[in-house]
Amino acid sequence: MILLNPGPVNLSARVRRALEGPDLCHREEEFAALQEKLRDQLLGVYELAAGDWSAVLLTGSGTAAVEAMLTSLVPRSGHLLVLENGVYGERMTRIARAHGLRHRALQLGWPAAIELGGVDQALGAARDITHLAVVHHETTTGRLNPLGALAELCSSRGVDLLVDAVSSFGAEAIDFASDALVACAATANKCLHGAPGAAFVVARRSALATGCDPPRSVYLDLAAHGRDQDARSTAFTPGIPAFYALREALSELSEAGGWSERRSRYRALSQRIRAGLDAQGYRTYLDPRESSVVLQSYLLPDGMTYDQLHDELKKRGFVIYSGQGALREELFRISPMGAITDRDVAALLTAFADIRSR
Ligand SMILES: *Cc1c(COP(=O)(O)O)cnc(C)c1O
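Residues numbered from 1 in each chain as written. Predicted model: local features only at pLDDT ≥ 70, side-chain atom pairs only at ≥ 80, totals over all residues. Heavy atoms only, no water.

## Structural notes on the environment of Thr350
So, point 1. With respect to the helices and strands, the residue Thr350 is situated in helix H12 (residues 342–356).
So, point 2. The sequence separation of Thr350 and Arg316 amounts to 34 residues, and the corresponding C-alpha distance is 9.7 Å.
So, point 3. Within the structure, the side chain of Thr350 is placed 3.0 Å from the backbone oxygen of Ala346, a separation counted as a polar contact. (Helix = DSSP H or I, 4+ residues; strand = E, 2+ residues; numbered from the N terminus. Polar contact = N/O pair within 3.5 Å; in protein donor to acceptor, adjacent residues only side chain to side chain.)

As structure tokens, this is what we get:
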């Protein structure tokens, strides 16, 4: 089955084999070496210096990383502004609410673009905002939010930027050079092509040191995880097979030329899918220039429900992804992330044509 949903992804044969690594006790040197290697590799994706940055590994899904980032890095005296233009922005507000973080949300509506003027106004209106949280690639619609411009704005206002990069880390440019960007949360099984179960936050060491004390969570206490991991240790049982797979996936990424080559690869596959579907009368939901290379949304054709399209494609070996909430009636989503070949894309377009002509 070819998975065109935005994670979990089809694994390469090499990453799948890595899942079968040896049984390991996480109190032994072999695990310490695995963990250390992974943390180095994660910083290596964007060439970050280990003196300034820490890659903190977690066992959990991407949401665990986002929740750990928000709850650990916004101090009790802090005030968080969340930008919402999709499901994942809204989820960050839910996390803030669940943990009693002092926060506000700028609710922009789902397909909406983030206008810098509006954000600047919101920052100005609240005055004491210390942290801004944004989703880099809003997977709800495929929209790529303007991270660079937001980082500049935060920098000029002295606000720390926290980024949900769950569906962009490894395949889009991230402005780590900006002093405002203090942390990015991400996961193994989206653009990095690892297996589900490992997630991580890449954070500035300075932000980890001044985060939330006492912690709001035991399991998601990023500073504690960071300290343990710096000491080549871990407090809780890690998802070791997912760690093995991530190590292999990161080697694969680096050998293939790193994140910018992955972006080129996704862009090429996405363009081919878009051109093929366009020729069959399918239209994108967003202007393609506003979309990430990682996922595109398409309008459902007249007279076909999502379930009909999904089921027909699944019979032919492809899993697409529905819209969320009200968008379920309107669109479907396709992501080229994972071990997808050119042949898979050609076969996908044939499957679409086959369904259209029935
Ligand atoms: C997938 C995704 C998440 C959450 O991922 P889970 O692994 O399902 O917890 C968070 N944010 C974005 C932008 C995502 O695409």
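## Quick notes on the packing of aromatic side chains
So, point 1. If you walk through the whole model with that rule in mind, you get eleven aromatic pairs.
So, point 2. Centre to centre, the rings of Tyr282 and Phe332 are 5.8 Å apart; their planes meet at 90°, and the pair counts as edge-to-face. In this pair, Tyr282 sits in the loop between helix H10 (258–279) and strand S11 (296–299) while Phe332 sits in strand S14 (residues 331–334), placing the two residues 50 residues apart along the sequence.
So, point 3. A relative accessible area of 0% means that Phe332 is categorised as buried.
So, point 4. For the pair Tyr282 and Phe352, a centre-to-centre distance of 5.2 Å together with 75° between the ring planes defines the contact as edge-to-face. In this pair, Tyr282 sits in the loop between H10 and S11 while Phe352 sits in helix H12, placing the two residues 70 residues apart along the sequence.
So, point 5. What links up through ring pairs into an aromatic cluster is the set Tyr46, Trp53, Phe169, Phe176, Phe200 and Trp259.
So, point 6. When the ring centre of Tyr88 is taken as reference, the NZ or CZ atom of Lys190 above it lies at 5.7 Å.
So, point 7. The ring of Tyr282 has Arg356 lying over it, and the distance from NZ or CZ to the ring centre is 4.7 Å. (Phe/Tyr/Trp six-rings, centres within 6.5 Å; stacked < 30°, edge-to-face > 60°. Buried < 20%, exposed > 50% of the residue type's maximum accessible area, 1.4 Å probe, protein only. Lys NZ or Arg CZ within 6 Å of the ring centre and 35° of its normal.)

## With respect to the site of the ligand
So, point 1. Close to the ligand lie Ser61, Gly62, Thr63, Tyr88, Arg91, Val135, His137, Thr139, Asp164, Val166, Ser167 and Lys190.
So, point 2. Gly62 places a main-chain nitrogen or oxygen 2.8 Å from an oxygen atom of the ligand.
So, point 3. Within the side chain of Thr139, an N or O atom sits 2.5 Å from an oxygen atom of the ligand.
So, point 4. A total of 380 Å² of accessible area belongs to the ligand in isolation, and the protein chains cover 85% of it.
So, point 5. Among the secondary structure elements, those contributing two or more residues to the shell around the ligand are helix H3 (62–73) and helix H4 (87–98). (Near = heavy atom within 4 Å. Areas by Shrake-Rupley, 256 points an atom, 1.4 Å probe, with all protein chains shown as cover.)

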